[in-house]
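Examination of the molecular architecture
Residues per chain are reported as follows:
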Amino acid sequence: MTTYCHLSFALPVNQTFLYRLPDELKSRVKAGTAVLAPFGPRKIKGYVLEISELPAAPGFQVKDIYDVLENWPPFPPVFLNFIQKLAGRSLCSAGLFLELAEGPGRSAEVKEKVIITQKGKDELQSGQLKGKNRQLLEQISQKAFSSAFLKRKLKWRDLNARLKSLELAGLIEIRRKTRRVKSQRISSPAAPRQLSLPVGFQEEDNEVGPVFQALAAGEFRRFLLAGDSGKRQEVILKIVRQALESDGYVFILVPEIEQIARWWREAGQLGSQVSFYHSRLSEKKRKENWDKIISGQSRVVIGTRAILFLPVNPVRLMVIDEVQNDLYEQAESLPLDVREGAQIRAKEEGAVLLLSSSTPPVSCYYLSQANGELIDLGQSDRHHLCELSRKEIGCWLSEELLAEVGPELKAGQKAFFFINRKGYAGYLVCPACGYVPRCPTCQIPLILDKKKNELVCRYCEQSLGQLETCPVCHHQLKPGRIKGSQFLVERLKKLLPDFYLALLEEGEEKNRIEDSLKKINSGKVQLVVGTEYALPRLQPGSFSRVIIVEPEIGLNLPDFKAAEKTFVKIFKATELLANQPSSKMIIITSMPDQPAIKFGADGDYPGFYRQELEYRKLLKYPPFSLLVSLTLTGRNLRKVAGTSRCLVEELARRFPSVEIIGPKVKPRVWHKQQKEVRLYLRLGGSDALSAFHDFLEIFSRNSRQIRLSYKILF
DNA sequence: AGCACGCCGACT
DNA sequence: GTCGGCGTGCTC
């Protein structure tokens, strides 16, 4: 009998590899242990998923594990199960996720310095070196650099091979320094106690009774908490307190780092057992918070998706705040939706999953209601006025602005202009022939950025300099009808010169944004212009006027959630108004009867929900069908495209009822190393999902060099 | 991913 | 013949 290990690497290879475990390492290796193993010509870190005794050697050559890497504390078994489930669902290697779960300084870091030798200097001087080798030696002739720096600076594919051969020739020396991090002196996590909730909590008439019961039972259950944000906050804190009565952890998940702050203030009443965690913490802070969480000193963790990978156990409650936010779906580093990842963990941990939003996704609300998972706390009454104006924004500014906003500002009130487009104008147009400059790769109209004086593509972000005249008929190009934030700022500064103005949008300098927010909160700045970026950053209830400019621009996008997204934005903007009769919301739009706009303006979620559900039913969109977006990635676009065609054929054969939309090449792909092709699929219902998943798993295993991932849209 | 290998065209 | 620039296949 020989002992073998199944290793998973943090590589885009969805497969485990078998190694022999030498006797002298046996005592230090368990499932989850990080080890160093030979892999082709390299030696890399891998994770032990399984240890097994096999009587005979398998039919291929098996190498030995080389060494054990420090990792403390070990991953809890429940956590490892979660990672394996996650990997199975994402069609990718568990090692990729386990790497995310490594705390600060869990394993040793290797630093390489590349130094020129005397022989190297001589040969450089004598001029017998040519080409890339010469360039490389010249680079390091004065000062030694790290190999990581050279990789960044030179961007050569064959850099490592070159370094190796030059080292062998004795022209350079590579000094390797392993920075062994001190093993952490944190106390090991306490063993989970038997869950014991106080008996007195069963308030039958309380709407959160079922949540308390699920917590007590310690089994997975999901709830959607809808309704007014103030009430929700209160209820969530009550549930968190209850969960803390037991031993485990509570995770509060927010869509972006900036939203941690709000929870941090609220959770203050829970005392010192609260920590926050996200991917952009400084090394020191990360270590500090990590230690607090792992040791169990902090059992409430507020943070972004990074907290999904905290290797602690047991987790009793997971809250997903702002569950409608599509940042959860767009998580670039994850091959699946964060919300689905959280659900997989909650299931594994036997935790309660609490989805929370004042504007839940329509399909989420529908399904929760159908499954008895809905807790709707209801909306609070709105007291503000609402006005819809069909005027064009330029007209409105010159005719009504001073009457509407001027007196408010003089009285010390604040006004917020919401415009969801950056730049000066949405496009340029030739007044004579109608020519519109477009992005040569993405084919969409270019945005005029007056500040930088250039035309920018909002898909691929490339800028194309300024274009003064029409290339067809040489007339002067004019800004088009759809205006952006820069236009608004320019006009407002002219029309209301006595008041300070702040612009809040993505891409502004971080310090400047922070400064602006401080001045807005202190009342020094009374006039705010912002895009979607501004909505979660401004204080709710702090404005007496909110003016929404042309919210309809997103409605034409080919996205079944376009209306829902528009509704949510308007709803969020109304929440910025002080809830009193003197407050007023003004929407400047050419579609005042559009349901998303109308119901958004009234802050009427039930109204919008009923209307939207009707459309979804008619068009067979979620929740009345299962919509999946499927992505194929790889180095070679021809291969990716070929595989996608093959996949479409196979799908059509095996799942005749599945509707296939696409394939489409993603517009951004041209600028990335990895090429991407995307398909949209409509499955009949969720019962088809597991067969679909199994098929994809086999298909992905058979198509090497291509990565597959799919997200369920809802 | 990262590495080796192999093919090809450009340039001595 | 040699160098650099890809594309391709493989890793227990």
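On a predicted model such as this, the values are computed, not experimentally measured, just so you know.

**Here's the deal with the packing of aromatic side chains**
Applying the stated rule across the entire model yields 26 aromatic pairs. Through a chain of ring-to-ring contacts, the aromatic side chains of Tyr-365, Phe-567, Phe-571, Tyr-605, Phe-608 and Tyr-609 assemble into a single cluster. Here the guanidinium or amino end of Arg-89 rests over the ring plane of Tyr-710, the centre of that ring lying 3.8 Å away. For Lys-598, the ring lying beneath its charged end belongs to Phe-599, and the centroid distance is 5.2 Å.

**Concerning the sheet that holds strand β3 (residues 34-39)**
Read across the sheet, six strands follow the order β5-β2-β1-β4-β3-β6 without closing on themselves; strand pairing throughout is mixed. Where the open sheet ends on each side, the last strands, each with one partner, are β5 (63-64) and β6 (67-68).

**A short note on the protein's contact with DNA strand C**
Near DNA strand C you find 21 residues, and of these Phe-39, Lys-63, Lys-132, Arg-157 and Asn-636 are the closest. By atom count, sugar and phosphate contribute 40% of the portion of DNA strand C lying within 4 Å of the protein. Separating a base oxygen of DNA strand C from a side-chain N or O atom of Arg-635 is a distance of 3.1 Å. Counting residues per element, the surface near DNA strand C draws most heavily on strand β2 (residues 17-20), at three residues. Of the residues that constitute the surface near DNA strand C, the class distribution is eight nonpolar, six polar and seven charged.

**Observations regarding the protein's contact with DNA strand B**
Taken together, the residues surrounding DNA strand B are Leu-11, Pro-12, Pro-41, Arg-42, Asn-160, Ala-161, Lys-164, Arg-635, Gln-674 and Arg-707. Per the 4 Å cut-off to the protein, sugar and phosphate atoms form 68% of the nearby atoms of DNA strand B. With respect to DNA strand B, the side chain of Arg-635 contributes an N or O atom lying 3.0 Å from a base oxygen. Within the contact set of DNA strand B, a phosphate oxygen lies 3.0 Å away from a side-chain nitrogen or oxygen of Arg-707. In terms of residues, the surface near DNA strand B owes the most to one element, helix α6 (residues 159-168), which gives three residues.

About the thresholds
- Residues numbered from 1 in each chain as written.
- Chains lettered and ligands numbered in written order.
- Predicted model: local features only at pLDDT ≥ 70, side-chain atom pairs only at ≥ 80, totals over all residues.
- Heavy atoms only, no water.
- Phe/Tyr/Trp six-rings, centres within 6.5 Å; stacked < 30°, edge-to-face > 60°.
- Lys NZ or Arg CZ within 6 Å of the ring centre and 35° of its normal.
- Pairing = 2+ DSSP bridges.
- Helix = DSSP H or I, 4+ residues; strand = E, 2+ residues; numbered from the N terminus.
- Near = heavy atom within 4 Å.
- Polar contact = N/O pair within 3.5 Å; in protein donor to acceptor, adjacent residues only side chain to side chain.
- Nonpolar A, V, L, I, M, F, W, Y, C, P; charged D, E, K, R; others polar.

Any functional reading would require information that these geometric values do not contain.
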